[in-house]
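Listed here are the chains, written in short residue letters.
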Amino acid sequence: MSHLTVFDLDGTLVDTPRAIVETFTAAFGALGVAAPRPAVIRATIGLPLERAFGDLLAAAPDGELVSRGVRHYQRLFKGSPRR
């Protein structure tokens, strides 16, 4: 009999808030938008990226800006070294 174990390592089982905050901050920089304080970003951890960016960009509710933010975040997070 074979057994399979699958782990969800996107911040659910592994504590990655620092990397998440750093990646959000870098994505905001790529957008040319001031990043919120780390505590504000941390409060969005666990939300879908689209919602997190939408909430964090509330001062500039632009669907295209949210989409670009998500794309930057995904590109940056995939390329970042794991801590």
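Residues numbered from 1 in each chain as written. Predicted model: local features only at pLDDT ≥ 70, side-chain atom pairs only at ≥ 80, totals over all residues. Heavy atoms only, no water.

A.B. asks: Can you help me understand the overall build of the protein chain in this one?
C.D. replies: On a plain count of helices and strands, the protein chain comes out with four helices and zero strands. Within the protein chain, buried positions represent 30% of all 83 residues. A separation of at least 24 residues holds for 55% of the contacts in the protein chain among residues at least 6 apart in sequence. For the protein chain, the accessible area works out to roughly 5,700 Å², and carbon and sulfur atoms hold 57% of it. (Helix = DSSP H or I, 4+ residues; strand = E, 2+ residues; numbered from the N terminus. Buried < 20%, exposed > 50% of the residue type's maximum accessible area, 1.4 Å probe, protein only. Contact = heavy atoms within 4.5 Å. Areas by Shrake-Rupley, 256 points an atom, 1.4 Å probe, with all protein chains shown as cover.)

A.B. asks: Help me understand the packing of aromatic side chains, please; the structure alone is not making it clear to me.
C.D. replies: The description of an aromatic ring pair uses the distance of the two centres, along with the angle that the planes make with each other. Scanning the model with the defined rule gives five aromatic pairs in all. Ring geometry for Phe24 versus Phe53: centroids 4.8 Å apart, planes at 35°, classification tilted. In this pair, Phe24 sits in helix H1 (residues 17-31) while Phe53 sits in helix H3 (residues 49-56), placing the two residues 29 residues apart along the sequence. The exposure classification of Phe24 matches that of Phe53, with both residues buried. Three or more aromatic residues link up through ring pairs in this structure, and these residues are Phe24, Phe28, Phe53, Tyr73 and Phe77. (Phe/Tyr/Trp six-rings, centres within 6.5 Å; stacked < 30°, edge-to-face > 60°.)

A.B. asks: Explain helix H4 (residues 63-79) to me, please; I cannot follow it from the model alone.
C.D. replies: Along an α-helix, a turn takes 3.6 residues, which lines up residues three or four apart on a common side. Taking 1.5 Å of rise per residue, 17 residues should cover 24 Å, and H4 covers 25 Å from first to last C-alpha, within 8% of that figure. Of the positions making up H4, those classed as buried are Leu65, Val66, Gly69, Val70, His72, Tyr73 and Phe77. Residues of H4 that are buried sit in contact with H1 and H3. (Expected span 1.5 Å × (residues − 1).)

A.B. asks: Help me out: how do you make sense of the pattern of salt bridges in this one?
C.D. replies: Two side chains that carry opposite charge are able to pair once their charged atoms sit near each other. Considering all chains together, one arrives at three salt bridges under this definition. Across the pair Arg51 and Asp55 runs a salt bridge, and its minimum N-O distance is 3.7 Å. Residue Arg51 and its partner Asp55 are located together in helix H3, separated by four residues, close to a single helical turn. (Salt bridge = Lys/Arg side-chain N within 4 Å of Asp/Glu carboxyl O.)

A.B. asks: Please explain the environment of Ala30 as it appears in this structure.
C.D. replies: Following the sequence through the fold, Ala30 ends up in helix H1. By relative accessible area, which is 39% here, Ala30 ends up partly exposed. Taking the C-alpha atoms as reference points, Ala30 and His72, separated by 42 residues in sequence, lie 7.2 Å from one another.

A.B. asks: Could you clarify how one ought to interpret the packing of H3 against H4 in this entry?
C.D. replies: For any two helices packed against each other, one specifies the crossing angle of their axes together with the interaxial distance. Closest axis-to-axis distance for the H3/H4 pair is 9 Å, and the angle between their directions is 120°. The orientation of H3 relative to H4 falls into the category oblique. In the crossing of H3 with H4, the sense of the turn from one axis to the other is right-handed. Contact residues: Leu49, Glu50, Phe53 and Gly54 in H3; Val66, Gly69, Val70, Tyr73 and Gln74 in H4. Residues belonging to the contact of H3 with H4 are distributed by class as follows: five nonpolar, three polar and one charged. (Axes fitted to C-alpha atoms, helices over the stretch in contact; angles between N-to-C directions. Parallel < 35°, antiparallel > 145°, perpendicular 65-115°, else oblique. Left-handed = near helix turned anticlockwise from the far one by under 90°. Nonpolar A, V, L, I, M, F, W, Y, C, P; charged D, E, K, R; others polar.)

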